[in-house]
Amino acid sequence: MEIWEELPGVSLVPVNSKAPQEKMSAHDGCLSLVKYLLFVFNLFFFVLGSLIFCFGIWILIDKTSFVSFVGLSFMPLQIWSKVLAISGILTMGLALLGCVGALKEFRCLLGLYFGTLLLLFATQITLGILISTQRVQLKRKVKEVVQKTIQTYRAHLEETAAEESWDYVQFQLRCCGWESPQDWFHIPSMRSNESEGDRVPCSCYNSSATNDSTVFDKLSFPQFSRLGSLARPRHNAEVCSVPANSYIYEQGCEQNLSNWLTNNLISIVGICLGVGLLELSFMTLSIFLCRNLDHVYDRLARYR
């Protein structure tokens, strides 16, 4: 309730008005809520980025343990560890912008945070459009890369990252070659002489199709040479192959990869939508806080 008082020579004025104060208090409370929500969420992602970075560094330091656990050889594992470390650093940097900008109410940091998120969101949308519209070209490009990897398999022993990664793909997807195991026939590194039958890499070996428990127990990626007499190194101890007429996967990786994408399409789309909505939420909170800081500064200036 407003109380009015008549002063000499002055019209009636309100002595006490709670409505503007209550409105201002509600506005300040909303800004505080947005500020601390943005701070807490970014603090969580800062911790998450730190864990990703530490995990990547851990892989680099202790590669031997991860080789036996994950199954990847040293070169691909080293590449993925660097990817994890860089991703962790980028996540930490972006989250730090959001934390400091929200907590200290720095408009420049909030603007930079919003711009970075907007750039990431636009990049993801662009990639999604390109993948959906250029699927045929992308499939053709992947096929060319895989076929080149197969044709030059173990030709350059100092550059084996792509070949080891493809071995891992075959082992995990339970497939052989891109279209069929015949992709491996007549590859120079798979044969030592013309009279020898066709052979394929040990990553094509289907251990579940044989009743030979000895061979099954010895199968361990990537140490394919532990297959015993069935697997034989070619040119050096790192190259391992098995006869094409033995227990190998008969299906090419093109079909298996397509099946995997089809089976996991809902999960992939859900993750992409979740990441996009999260970025949109953070962008909305940051731009709301950034724009409304003007009112706070103006009010403080009037009270000086």
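The structure displayed is predicted, hence computed values, not measured ones. (Residues numbered from 1 in each chain as written. Predicted model: local features only at pLDDT ≥ 70, side-chain atom pairs only at ≥ 80, totals over all residues. Heavy atoms only, no water.)

Description of the overall build of the protein chain
In plain terms, the rule: Helix and strand definitions here come from DSSP, where helices need a minimum of 4 consecutive H or I residues and strands a minimum of 2 consecutive E residues; each element is numbered from the N-terminal end. Three exposure classes are used, based on accessible area relative to the maximum for each residue type with a 1.4 Å probe and protein chains only: buried under 20%, partly exposed in between, and exposed over 50%.
Each helix and strand in the protein chain was counted, giving nine helices and five strands. Each helix and strand of the protein chain, placed in order from N terminus to C terminus, yields the pattern β-β-α-α-α-α-α-α-β-α-β-β-α-α. By the burial criterion, 32% of the 304 residues in the protein chain qualify as buried.

Side note on the UniProt feature "transmembrane region" (unreviewed entry) in the protein chain
Just so we agree on the cut-off: UniProt positions are given in the numbering used here, feature names are shortened, and annotations may be inferred rather than shown by experiment.
What UniProt calls "transmembrane region" (unreviewed entry) maps, in this numbering, to residues 36–61, 82–103, 109–131 and 265–289. Annotated as residues 36–61, this span is 100% helix and 0% strand, and its ends, taken at the C-alpha atoms, are 37 Å apart. Helix and strand shares over residues 82–103 are 100% and 0% respectively, and the end C-alpha atoms of the span are 31 Å apart.

With respect to the packing of helix 5 (residues 135–151) against helix 6 (residues 161–173)
How we decide: In this analysis an axis means a line fitted to C-alpha atoms, helices contributing only their contacting stretch, and an angle means the value between N-to-C directions, from 0 to 180 degrees. Roughly parallel here means an angle under 35 degrees, roughly antiparallel means over 145, roughly perpendicular means 65 to 115, and every remaining angle is called oblique. For this analysis, residues touch if any pair of their heavy atoms sits within 4.5 Å. For this scheme, ten residues count as nonpolar: Ala, Val, Leu, Ile, Met, Phe, Trp, Tyr, Cys and Pro. Four count as charged, namely Asp, Glu, Lys and Arg, and the remainder, Gly too, count as polar.
The interhelical angle for the contact between helix 5 and helix 6, taken along N-to-C directions, is 105°, at an axis separation of 10 Å. The angle between helix 5 and helix 6 places the two elements in the roughly perpendicular class. Packed against helix 5, whose contacting residues are Val146, Thr149 and Ile150, the element helix 6 presents Ala162, Glu163 and Trp166 at the interface. Per-class residue counts for the contact of helix 5 with helix 6 are four nonpolar, one polar and one charged.

With respect to the nonpolar core
This is how it is decided: Residues belong to a common nonpolar core when they are buried Ala, Val, Leu, Ile, Met, Phe, Trp, Tyr or Cys residues joined through side-chain atoms within 4.5 Å.
In terms of nonpolar packing, the biggest core is built from 20 residues, with Trp166, Trp184 and Val200 touching the most fellow members. Elements supplying a minimum of two residues to this core: helix 5 and strand 5 (240–243). Not counting chain neighbours up to four residues away, the residues in contact with Val200 comprise Cys176, Pro181, Trp184, Phe185, Met190, Cys240, Ser241, Val242, Ala244 and Ile248. If you look at the next biggest cluster of nonpolar residues, it comprises 16 residues, including Val34, Phe282, Leu285 and Cys290.

Quick notes on the state of the cysteines
What counts is decided by this rule: To count as a disulfide, a pair of cysteine sulfur atoms needs to be within 2.5 Å.
The tally for this structure, following the rule as stated, stands at two disulfides. Here Cys176 is linked by a disulfide to Cys204, with a sulfur-sulfur distance of 2.2 Å. Looking down the S-S bond of the Cys176 and Cys204 bridge, the torsion is 85°, so its handedness is right-handed. Taken as a pair, Cys176 in the loop between helix 6 and strand 3 (199–201) and Cys204 in the loop between strand 3 and helix 7 (213–218) lie far apart in primary sequence, 28 residues in all.

A few points about the packing of aromatic side chains
Selection rule: When two rings of Phe, Tyr or Trp (its six-membered ring) have centres within 6.5 Å they constitute a pair, described as stacked for plane angles under 30 degrees, edge-to-face for angles over 60, and tilted for the intermediate range.
According to the stated counting rule, one finds six aromatic pairs in the structure shown. For the ring pair Phe45 and Phe282, a centre distance of 5.8 Å and an interplane angle of 85° mean the geometry is edge-to-face. Taken together, the positions of Phe45 in helix 1 (residues 18–61) and Phe282 in helix 9 (residues 265–303) put the pair 237 residues apart, joining distant regions of the chain. Residue classification places Phe45 among the partly exposed residues on the basis of a relative accessible area of 21%. Classification of Phe282 by relative accessible area gives buried; the value is 7%.

Concerning helix 5
Let me state the cut-off plainly: Every helix has an expected span of 1.5 Å times one less than the residues it contains. Taken from the helix axis, the directions to the C-beta atoms give the arc we talk about.
The terminal C-alpha atoms of helix 5, which comprises 17 residues, lie 24 Å apart, in line with the 24 Å expected from a rise of 1.5 Å per residue. Listed as buried for helix 5 are Val146, Thr149 and Ile150. For helix 5, the arc enclosing every buried residue in end-on projection is 100°, short of the 170-degree limit, so these residues lie on one face. Across helix 5 from its buried face, at more than 90 degrees, point the exposed residues Val136, Lys141 and Lys148. Those residues of helix 5 that are buried are in contact with helix 6.

Describing helix 4 (residues 107–133)
For helix 4, built from 27 residues, the straight-helix expectation of 39 Å at 1.5 Å per residue is met to within 8% by its first-to-last C-alpha distance of 39 Å. The complete set of buried residues in helix 4 reads Leu110, Tyr113, Leu117 and Phe121.

Topic: the environment of Leu96
Tracing the sequence through the fold places Leu96 in helix 3 (residues 74–104). Accessibility expressed as a relative area gives 45% for Leu96, which makes it partly exposed. Separated by 57 residues in the primary sequence, Leu96 and Phe39 place their C-alpha atoms 9.2 Å from one another.

Comments concerning the layout of surface pockets
Stated precisely, the cut-off is as follows: Using a grid of 1 Å spacing that covers the protein atoms alone, one calls a set of points a cavity when a 1.4 Å probe fits there but cannot get out, and a pocket when the set is open and has protein on both sides within 12 Å along at least five of seven lines; lining residues are those with an atom within 4 Å of a point. Grid points are joined across faces, edges and corners, and a volume is the space filled by probe spheres set on the points.
One number sums up the size of the largest pocket: a volume of about 1,200 Å³. Lining the largest pocket are 28 residues, and of these Ile131, Arg135, Leu261, Leu265 and Ile268 sit closest to its centre. Going through the elements one at a time, helix 4, helix 5, helix 8 (253–263) and helix 9 are the ones with two or more residues in the lining of the largest pocket. With nine residues, helix 9 is the single largest residue contributor to the lining of the largest pocket.

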